[in-house]
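# A closer look at the structure
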Amino acid sequence: MKHPGTEFKCSASDMRLVDISEKKLEVEANQFASNFLMPEQMVKPIVLTSSFGFDTINYIRRHFQVSKIAAAFKLLEFTTECCALVSSINGVVKHVGLSQNLIGEVKLPRLGAALPHESFAAKVTQSGIQMRDFKEIASAVWLGKGGEHYCVYENSRANRETESLRTCLTLLYFIKK
């Protein structure tokens with residue numbers, strides 16, 4: 001959560017590997033915070049009447065005063081479209097999410113993996129150039145050999161947080177062939 005005038009820094013101990021019970025507790029806390037700050041009865045109507053994209057994410061982010069990644073995951077939770085998101089730091093995958101109708105259907109890169117070299121995400125992370133709209137990309141770039149049943153469209157936006165820290169949020173839209 002973002003608080004004006006407050007800065008949170010991670011120490012080396014914060015970055016250590018945690019056991020599964022600590023991770024489960026963190027996931028539950030994040031889910032509680034998400035539901036408290038962005039209640040379903042307020043967010044779902046926005047999502048169901050909007051398109052999957054950065055405009056909707058930014059609207060949710062501003063309206064509920066949450067982070068872009070929290071808004072993106074909430075959009076993904078309620079969308080009826082076949083979509084996914086991937087967030088990365090310095091070209092390494094940090095978060096992956098799938099819409100309900102894609103779970104079990106597609107496999108995206110795992111956490112800790114490098115962004116696919118041919119993805120727009122890898123290119124915008126390096127260049128800092130922003131994409132304005134979704135562009136079609138070869139399904140194999142994100143889905144490997146198992147992706148031949150989908151047309152894939154990507155929209156990636158990168159931020160240079162500091163000279164050595166580049167974040168990227170990638171939205172993927174799937175259409176079954």
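Now for a description of the structure that goes with this document. Model, not experiment: these values are computed from the prediction.

### A word on the layout of surface pockets
What the second largest pocket holds in volume is close to 180 Å³. Surrounding the second largest pocket, Val96, Leu98, Val106, Lys107, Leu108, Pro109, Arg110 and Leu111 form its lining. Tallied by class, residues from the lining of the second largest pocket come to six nonpolar, no polar and two charged.

### What about the packing of aromatic side chains?
Going through the model one piece at a time under the given rule, you end up with two aromatic pairs. Here the aromatic rings of Tyr150 and Phe174 are separated by 5.8 Å at their centres, their planes lie at 80 degrees, and the arrangement is edge-to-face. In this pair, Tyr150 sits in strand β4 (residues 150–162) while Phe174 sits in strand β5 (residues 165–176), placing the two residues 24 residues apart along the sequence.

### Let's talk about the side chain of Thr167
Here Thr167 shows up in strand β5. A relative accessible area of 19% means that Thr167 is categorised as buried. For Thr167, the residues in contact, after removing those within four places along its chain, are Ser88, Ile89, Arg157, Ala158, Asn159 and Glu161.

### Side note on the environment of Gly91
With respect to the element layout, Gly91 can be found in the loop between β1 (83–89) and β2 (92–98). Looking at Gly91, the relative accessible area reads 17%, which means it is buried. Taking the C-alpha atoms as reference, Gly91 lies 7.8 Å from Thr167; in sequence the two are 76 residues apart.

### Let's talk about the nonpolar core
Counting residues in hydrophobic clusters, the biggest one holds 21 residues, and the most contacted among them are Leu108, Trp142, Leu143, Leu172 and Phe174. Listing elements by their share of this core, those giving two or more residues are β1, α5 (120–127), α6 (139–143), β4 and β5. With residues up to four places along the chain from it excluded, the contact list for Leu108 reads Ala84, Val86, Val96, Leu98, Trp142, Leu143, Leu172 and Phe174. Ile57, Leu75, Leu85 and Leu169 belong to the second largest nonpolar core, which has 19 residues in total.

### Concerning helix α3 (residues 54–64)
Among the residues of α3, those classed as buried are Phe54, Thr56, Ile57, Asn58, Ile60 and Phe64. Two residues or fewer after α3 comes Gln65, characterised by a positive phi angle close to 55 degrees.

### A look at the packing of helix α2 (residues 40–48) against helix α4 (residues 68–78)
Relative orientation of the contacting elements α2 and α4 amounts to 75 degrees, with a least axis distance of 9 Å. The angle between α2 and α4 places the two elements in the roughly perpendicular class. Mapping the contact onto sequence places Glu40, Val43, Lys44, Val47 and Leu48 in α2 and Lys74, Leu75 and Phe78 in α4. Here the residues of the contact of α2 with α4 sort into five nonpolar, no polar and three charged.

### Section: unusual backbone geometry
We note that Gln65 has phi near 55 degrees; this positive angle belongs to a residue other than glycine. Looking at the element boundaries, Gln65 is found in the loop between α3 and α4. On the basis of relative accessibility, which here comes to 66%, the residue Gln65 falls in the exposed class. Positive phi, close to 50 degrees, is recorded for Asn90, a residue that is not glycine. Relative to the helices and strands, Asn90 resides in the loop between β1 and β2.

### Here we look at the pairing of β1
Taken across its seven residues, β1 has six buried, putting it largely inside the fold. When β1 meets β5, the two strands line up antiparallel, connected through seven bridges. Paired with Val86 across the two strands is Thr170, which belongs to β5. The turn joining β1 and β2, which pair antiparallel and follow one another in sequence, is formed by two residues; a positive phi near 50 degrees is taken by Asn90.

Calculation notes
- Residues numbered from 1 in each chain as written.
- Predicted model: local features only at pLDDT ≥ 70, side-chain atom pairs only at ≥ 80, totals over all residues.
- Heavy atoms only, no water.
- 1 Å grid on protein atoms, 1.4 Å probe; cavity = no way out; pocket = protein on both sides within 12 Å on 5 of 7 lines; lining within 4 Å.
- Points joined across faces, edges and corners; volume = space filled by probe spheres on them.
- Nonpolar A, V, L, I, M, F, W, Y, C, P; charged D, E, K, R; others polar.
- Phe/Tyr/Trp six-rings, centres within 6.5 Å; stacked < 30°, edge-to-face > 60°.
- Helix = DSSP H or I, 4+ residues; strand = E, 2+ residues; numbered from the N terminus.
- Buried < 20%, exposed > 50% of the residue type's maximum accessible area, 1.4 Å probe, protein only.
- Contact = heavy atoms within 4.5 Å.
- Core = buried A, V, L, I, M, F, W, Y, C linked by side-chain atoms within 4.5 Å.
- Axes fitted to C-alpha atoms, helices over the stretch in contact; angles between N-to-C directions.
- Parallel < 35°, antiparallel > 145°, perpendicular 65-115°, else oblique.
- Pairing = 2+ DSSP bridges.

This is a description of form; function is not addressed.
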